[in-house]
Amino acid sequence: AALGSSLPFASTESVRFALDPLDSDASRWPDAHRVLISPGYFAALGVRPLGGRDAEESDREGRAPVALVNQSFALTFARREDLIGRPIRLAGDVPVTATIVGIVPDLSVGNFRGERPEAIYLPLLQQQPLPSAISIARSTAFRSSRMFPGQPYSPSSRRAAGDAPPTAFLNSLL
């Protein structure tokens with residue numbers, strides 16, 4: 001099992017970023033989809049990194065910030081440069097500079113049309129505060145659901161999960 005702020009074809013937040021450490025004008029930075037993930041997120045979806053490494057248990061608060069990017073990001077913004085080990089500046093209330101540690105396949109993040117937008121994946125445990133709603137991906141049945149802290153799954157959610165075909169996402173059924 002794994003946790004993530006979004007699954008393929010689900011909506012995501014975006015984040016402005018810079019690969020140039022000297023560029024300080026965040027208003028000019030491009031943006032990409034931002035997905036928060038736990039270790040095992042890509043394995044639960046049957047995906048392996050194309051280069052570098054996956055998110056790890058050691059990627060948590062207090063450790064050096066890391067990021068993974070998808071293949072579209074690498075092809076759009078790297079222009080044949082190796083991204084592994086490069087810094088990426090992320091805009092926000094508290095700007096963060098992370099190190100890119102992996103490149104993963106495109107997962108059609110943020111839409112239902114199958115487009116492959118650029119995406120940045122950040123370890124969930126390095127984010128504060130943690131998001132209030134997260135998705136669960138289970139590798140054994142490739143199903144997902146939306147979990148809200150303090151609320152158990154409803155019987156109808158459990159029935160829908162049990163009856164869904166392996167390639168269907170529960171949050172699209174509800």
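Since the model is a prediction, treat every value here as computed from it, not as a measurement. Throughout this description, residue numbers start from 1 for each chain and increase along the sequence as written. Per-residue local features are limited, in this predicted model, to residues with pLDDT of at least 70; the limit for side-chain atom pairs, both in listing and counting, is 80 or more; totals at the level of whole chains, interfaces and linings are taken over all residues. Neither water nor hydrogens contribute to the side-chain values; these are computed over all heavy atoms in the structure.

> Sorry if this is basic, but what is going on with the packing of aromatic side chains here?
The geometry of an aromatic ring pair comes down to the distance between the two centres and the angle between the two planes. Between the rings of Phe, Tyr and Trp (Trp by its six-membered ring), a pair exists once the centres lie within 6.5 Å; its type follows the angle of the planes, with under 30 degrees stacked, over 60 edge-to-face, and the other angles tilted. Following the criterion strictly, the structure yields 6 aromatic pairs and no others. Here Y41 and F42 contribute two aromatic rings whose centre-to-centre distance is 5.2 Å and whose plane-to-plane angle is 85°, an arrangement assigned as edge-to-face. For every residue, the accessible area obtained with a 1.4 Å probe (protein chains only) is divided by the maximum for its type, and the residue is called buried under 20%, exposed over 50%, and partly exposed between those limits. For Y41, a relative accessible area of 2% gives the class buried. Between Y41 and Y121 the ring centres are 6.4 Å apart and the planes differ by 45°, which places this aromatic pair in the tilted class. Highlighted residues: Y41 in helix α1 (residues 41–44) and Y121 in strand β8 (residues 119–123), separated in sequence by 80 residues. Neither Y41 nor Y121 differs from the other in exposure class; each is buried. Clustering of aromatic rings is evident, with ring pairs tying together F17, F73 and F77. Working definition: helices are DSSP H or I runs of at least four residues, strands are E runs of at least two. Numbering for both runs from the N terminus.

> Would you mind showing me how to read the pairing of strand β3 (residues 31–37) here?
Each regular strand carries side chains that alternate between the two faces of the sheet. With 5 of 7 residues buried, β3 lies mostly within the body of the structure. Between any two strands, at least two bridges found by DSSP are needed for them to pair. As judged from the 4 bridges shared by strand β2 (residues 13–18) and β3, these two strands associate in the antiparallel manner. Across the sheet, residue V15 finds its bridge partner in β3, namely A32. Where β3 lies against β8, 5 bridges are found, and the strand directions are parallel. Looking at β8, one finds that H33 is bridged to A119.

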